Amino acid sequence: LYGAKRAQQFSEVYAPAPPARIPSVTMESALRESLRDRHFRLAYQPQVHLATGQLVGAEALLRWTHPVLGPVTPDQFIPVAELAGLMPRLGEWVLRTACHEVTRFSNPHLSVSVNVSSRQLSDPTFSSRVRQALSDSGLRPQRLVLEVTESGLIDNPTRVREVLQELRDLGVRVSMDDFGTGYSSLFSLRSLPVDELKIDRAFVRDLGQDTQAARESLAIVMASVLMARALDIELLAEGVETPEQERALREAGCDLGQGWLYARALEPADFDAFEQTWPVRLLGDRPATPVPAVAT
Ligand code: C2E
Ligand code: MG
Ligand code: MG
Ligand code: MG
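Residues numbered from 1 in each chain as written. Chains lettered and ligands numbered in written order. Predicted model: local features only at pLDDT ≥ 70, side-chain atom pairs only at ≥ 80, totals over all residues. Heavy atoms only, no water.

In the nomenclature of an unreviewed UniProt entry, the chain corresponds to Signal peptide protein from the organism Deinococcus grandis.

## Brief notes about unusual backbone geometry
Phi at Arg38 is positive, roughly 60 degrees, even though this residue is not glycine. Inspection of the secondary structure puts Arg38 in the loop between helix H2 (24-37) and strand E1 (40-49). Assessed through its relative accessible area of 67%, Arg38 is described here as exposed. Notably, Asp232 is not glycine yet its phi reads approximately 60 degrees, a positive angle. Positionally, Asp232 belongs in the loop between helix H10 (212-230) and strand E8 (234-238). (Helix = DSSP H or I, 4+ residues; strand = E, 2+ residues; numbered from the N terminus. Buried < 20%, exposed > 50% of the residue type's maximum accessible area, 1.4 Å probe, protein only.)

## Details of the pairing of strand E6 (residues 173-179)
Counting buried positions over the seven residues of E6 gives six, a clear majority of the element. Where strand E5 (residues 144-149) and E6 come together, five bridges link them in parallel fashion. Across the sheet, the residue bridging to Leu146 is Val174, located in E6. Here three bridges tie E6 to strand E7 (residues 196-199), and the two strands are oriented parallel to one another. Bridge pairing in E7 links Ser175 to Glu196. (Pairing = 2+ DSSP bridges.)

## Looking at the site of ligand 1
Taken together, the neighbourhood of ligand 1 is formed by 22 residues, with Arg63, Asp177, Arg201, Glu241 and Trp260 sitting nearest. Here an oxygen atom of ligand 1 sits 2.8 Å away from a polar atom, N or O, in the side chain of Asp177. If you list the elements that add at least two residues to the shell around ligand 1, you get strand E2 (55-66), helix H3 (74-83), helix H4 (87-103) and E6. In terms of residue count, E2 provides more of the shell around ligand 1 than any other element does, four residues in total. Here the residues of the shell around ligand 1 are counted per class, giving eight nonpolar, five polar and nine charged. (Near = heavy atom within 4 Å. Polar contact = N/O pair within 3.5 Å; in protein donor to acceptor, adjacent residues only side chain to side chain. Nonpolar A, V, L, I, M, F, W, Y, C, P; charged D, E, K, R; others polar.)

Written as structure tokens, this is what we have:
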């Protein structure tokens, strides 16, 4: 609701590419070239606190436009980068760039969420790399959220638990991405130090309609809310596209929303402009309980 009109003023600069079939060998060498020549950018998608309407932070999403191949979506190139062993380097770039860019935003309380691949997570030096990125950028650890996926968590559970604990000790928050689409989620939730759950957009899509699918999705959301509250975890719904979905999520007690209803992923300058015109300003850091909303 807050974002519906405003979002239209800001178009997505790094628009998703039409699906192209690029042979993975071609893509692999293009990826190496682009790591060298800096063809990558980050785009920032707002996250909104549903009860107060505060814009609380952004997810940094990787964008790649190769001079010859054109724009390629993360779903196309990240699997190739993983297989080619390029993800540690690319992920490191994302982490460092996101930490730097978010310190230039006008609001000093916004959080930034960074996606972490399973290869990064199992790297024994990962938490010291995070510490380094924080100190080089001057970003307070409370403002950094690391998004991990369920598959990333089960690869090497013992080691991963240690890494997550090290990250927590730094003051960084951990979010479980695409929740509900992986395996063994319920057990890992209780046994791993997780601060936020992102409900996959598959469970958001049908919300707010008068259909059986909507009722089923709502039941899953409501169960997630109960679970998140019991475990003291924040719940964020991804892929919020309509006011009806937003309303259903808010009424179910979901804490946060992210999706095209508010805005697509925006380049840094546009994100900052967007945030500054947002009606309800965030006046303190997350995850301190939502600061009272102040209408501006
Ligand atoms: P994700 O982390 O679940 O990110 C959310 C994806 O949903 C993004 O796609 C975003 O643009 C898209 N999205 C956001 N709102 C909506 C909406 O309302 N409707 C719909 N239909 N889609 C929405 P994107 O940017 O194409 O990224 C896809 C995936 O690629 C991400 O899924 C994440 O798993 C991965 N990814 C992106 N950037 C990075 C990165 O820097 N590192 C790693 N390891 N993975 C990344
Ligand atoms: Mg994510
Ligand atoms: Mg996600
Ligand atoms: Mg997803």
